[in-house]
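Report on the structure
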Amino acid sequence: MMVTPVVLSFLFPLMGTLILAFSAGRLGPRASSVIGVGSVGLAALATLWAVMGHGGGTEGVTLWTWIAVGDFQPTIGLAVDGLALVMMSVITGVGFLIHLFAAWYMTGEAGITRFYAWMNLFVFSMMLLVLGDNLLLLFLGWEGVGLCSYGLIGYYYQGLDNARAAFKAFVVTRIGDVFLALGLFLIFMELGTLDIATVLARAPELWAEGSATANLAALLVLGGALGKSAQVPLHTWLPDAMAGPTPVSALIHAATMVTAGVYLIARLNGLFLLAPDVMLLVGVIGAVSLLLAAFAALAQTDIKRVLAYSTMSQIGYMFLALGVGAFDAAIFHLVTHAFFKALLFLSAGAVIISCHHEQDMGKLGGLWRKLPVAYGGFVVGGAALVALPLVSAGFFSKDEILWQAMAADRTGLLIAGLLGAVLTGIYTVRLILGTFHGEPGSDHARHPEPGTSVFTHHLPLVVLAVLSTFIGAWIYPGLGGLFPEAPGDTVETGHTLLQVLAMGAAIAGLALAGWLFLMRRPWLDDITAKGAGAALWKLWHHAWGFDALFDRVLVRPWQSSVRLLRFDFINLIMNLPALIARGFNAGLVRSQNGRTRSYAVVMVFGTTVILLALALAPGGGA
């Protein structure tokens, strides 16, 4: 293995972080941008070097021993295979384009040095996550991206809602992280190691398929994946995370961090294959998540929240693929999704900045001539999102997922995937029409700000647009040899039928959306304004009420218990001796006032008391 490019691929972002973090505010906005963007650009070049020099198979190198406690000796070791290289390419390649776009988007913002320090640290942590050859090092990167997510979501921390969104993301994802930590404890206790290759080799030897230990280990790891990848029920943080700058949404909450759970399950595929019931649960959670999020996206008015629920839905497809054992199909969709969702988020960022930070679709409209590059990004990215047949990257990866579900004879999951494709077409058309067509809804949309840069604005959008077409699907190398055989790898019967169904679902969604929003819009507005339609709209707008449910079931009882325990009587009893001692101390301190008269009075009083006591004592008068 070419050690140098692999090490450089994560050292460059780390160096950028250190320079920015310890600059003590001495760097100007331009210097901070050059360092922040340049470090990730160099990491992308190092990754390209590593890809070109990779000889196939799995290659590893141990840099040094991290901890040595008896037999427990985790290392700072790197393991590079096809999966790691694909993830590295997405993290640094798409990450560089997003950093480059941020140089335009963040112009004039306060705290630009802090922004790039967090962004660089995130890239470093994500690289550590995918390159670590043991689960402890992976967990270090896992926690690192969570910390960076907190810092970047709360970038505009002066706003209370932004701070709450960051806190919510931190708490909800930490719940999943606790499950993952417990899973790592269990794996180490049972297998005696956290080395990923050794874990995958020993698990089938020591655990029977379907055993309680295998199921428990897989369930705990799944809990961690649900938190990071925003799947039901640990999904409520993702829409609120849109409070951060749009490049943050593109990098962390669309292209990389939210796919960490998908990577984790794919990396530990041997562990999940020993737990078929948990595998099925993974697929069911994915199907439920993709449908719930797709319906919620139909009723959002904020363009970034539409894309947030779309992200949750598309990750649901990846979980669906993982659940039927199609690990390669899940990673394929992870890659194409990174291309077109980053394109959509950055295009949304172009709209938001150009329209004076307006992102309510009701106040936009009529922008397709004024913002042609952003409009083109939405059209191309939207086509990939709805899996427009043959011309979009999303068609090939989503088709593979649906085919694997059909080949695995999971009819329910297949139906959910097809219905999700129809819904995706509807909310995507609604998003594009509401943002770019019709009459402008406010002066912000009537008079967009001029001024874009070909290099920092146009170039990232154009490159991502190209990758969102069939070209993005063609460059995916395929990882079939790395994973166990998927259900559809040896079956061809019915594949053509499935492709027809998938194309039909995508086209049906587009046709239904055109009919609803172009021909029947007054009727649709009337339906959603009163009665059952209004109730359904409200339910979807509030994402099926999960936040309200968790608030009543979890948050409020916890707050009530805190208020109750604030006056805990056991604690008061334990404090009583201290209170008594403090009282005696206060009395004694007041008696030591340095005044001779006071001391004399006390002496006379004390002597009198002693004499009276002696006189009143039995035999005292003798």
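Residues numbered from 1 in each chain as written. Predicted model: local features only at pLDDT ≥ 70, side-chain atom pairs only at ≥ 80, totals over all residues. Heavy atoms only, no water.

Let us now look at a nonpolar patch on the surface. Residues Leu147, Tyr150, Phe167, Val171, Ile175, Val178, Phe179, Leu182 and Phe185 make up a contiguous nonpolar surface patch of about 830 Å² in total accessible area. At the level of elements, α5 (135-153) and α6 (160-191) are the ones that each hand at least two residues to the nonpolar patch. The greatest single-element share of the nonpolar patch, amounting to seven residues, is contributed by α6. Structurally, leucine 147 is set in helix α5. (Patch = residues over 30% accessible without salt bridge, like charges linked within 9 Å, V, L, I, M, F, W, Y side chains within 5 Å. Areas by Shrake-Rupley, 256 points an atom, 1.4 Å probe, with all protein chains shown as cover. Salt bridge = Lys/Arg side-chain N within 4 Å of Asp/Glu carboxyl O. Helix = DSSP H or I, 4+ residues; strand = E, 2+ residues; numbered from the N terminus.)

Using the criterion set out here, one finds 10 salt bridges in the structure. A salt bridge links aspartate 240 to lysine 168; its shortest N-O distance comes to 2.7 Å. In this pair, aspartate 240 sits in helix α9 (residues 237-240) while lysine 168 sits in helix α6, placing the two residues 72 residues apart along the sequence. Of the charged contacts, one joins lysine 168 and aspartate 547 as a salt bridge, the two residues approaching to 2.6 Å between their closest N and O atoms. Here lysine 168 is found in helix α6, whereas its partner aspartate 547 is found in helix α25 (residues 546-565), with 379 residues between them in sequence. One salt-bridge network, in which partners are shared between bridges, spans Glu143, Arg174, Asp177 and Lys228.

The element strand β2 (residues 75-80) is largely enclosed, with a buried count of five among its six residues. Relative to β2, strand β1 (residues 59-65) runs antiparallel, the two being bridged by six bridges. Bridge assignment links valine 61 to a residue of β2, and that residue is leucine 78. (Buried < 20%, exposed > 50% of the residue type's maximum accessible area, 1.4 Å probe, protein only. Pairing = 2+ DSSP bridges.)

In this fold, histidine 253 is placed in helix α10 (residues 246-255). Polar contacts involving the side chain of histidine 253 include one to the side chain of serine 149, which spans 3.4 Å. Excluding residues within four positions of it along the chain, histidine 253 makes contact with Ser149, Ile153, Trp237, Leu238, Ala241, Met242, Val248, Val258 and Thr311. (Polar contact = N/O pair within 3.5 Å; in protein donor to acceptor, adjacent residues only side chain to side chain. Contact = heavy atoms within 4.5 Å.)

This part covers the packing of aromatic side chains. Taken as a whole and judged by the stated rule, the model has 19 aromatic pairs. Each ring, one from phenylalanine 115 and one from tyrosine 155, has its centre 5.7 Å from the other, and the planes form 75°; the classification is edge-to-face. In this pair, phenylalanine 115 sits in helix α4 (residues 112-131) while tyrosine 155 sits in the loop between α5 and α6, placing the two residues 40 residues apart along the sequence. The exposure classification of phenylalanine 115 matches that of tyrosine 155, with both residues buried. A connected cluster of aromatic rings, assembled from ring pairs, spans Phe115, Tyr116, Tyr155 and Tyr156. One residue, arginine 174, lies across the ring of phenylalanine 170, its end atom 4.5 Å from the ring centre. One Lys or Arg, lysine 398, reaches over the ring of tyrosine 317 and ends 4.8 Å from the middle of that ring. (Phe/Tyr/Trp six-rings, centres within 6.5 Å; stacked < 30°, edge-to-face > 60°. Lys NZ or Arg CZ within 6 Å of the ring centre and 35° of its normal.)

Glancing now at the side chain of threonine 193. For threonine 193, the location among the structural elements is in the loop between α6 and α7 (196-206). Among the polar contacts listed, one links the side chain of threonine 193 to the backbone nitrogen of aspartate 195, at a separation of 3.0 Å.

Cis geometry is found at the peptide bond from valine 232 to proline 233, where omega equals 5°. Position of proline 233 relative to the elements: it lies in the loop between α8 (212-228) and α9. The backbone of aspartate 409 sits at a positive phi, close to 60°, despite the residue not being glycine. With relative accessibility at 62%, the residue aspartate 409 sits in the exposed group. Backbone geometry at tryptophan 544 places phi at a positive 65°, although glycine is not the residue there. Along the chain, the position of tryptophan 544 falls in the loop between α24 (531-541) and α25.

Side chains of a nonpolar character, in soluble globular proteins, are inclined to be buried together. Core analysis: the biggest nonpolar cluster contains 200 residues, and Phe115, Leu131, Ile187, Phe272, Ile331 and Val351 have the highest contact counts within it. By residue number, the principal contributor to this core is helix α15 (residues 327-354), which donates 20 residues. If near-sequence neighbours (up to four positions away) are discounted, valine 351 is found in contact with Ile303, Glu358, Leu364, Leu367, Leu371, Ala374, Phe378, Thr435 and Phe436. (Core = buried A, V, L, I, M, F, W, Y, C linked by side-chain atoms within 4.5 Å.)

The next subject is the packing of α8 against helix α11 (residues 260-267). Relative to each other, α8 and α11 sit at 155°, their axes nearing to 7 Å. Here α11 runs roughly antiparallel to α8, going by the angle between their axes. Counting all contacts with α8, which are made through Val221, Leu222, Ala225 and Lys228, the residues of α11 involved are Gly261, Leu264 and Ile265. When grouped by side-chain class, the residues that make up the contact of α8 with α11 number five nonpolar, one polar and one charged. (Axes fitted to C-alpha atoms, helices over the stretch in contact; angles between N-to-C directions. Parallel < 35°, antiparallel > 145°, perpendicular 65-115°, else oblique. Nonpolar A, V, L, I, M, F, W, Y, C, P; charged D, E, K, R; others polar.)

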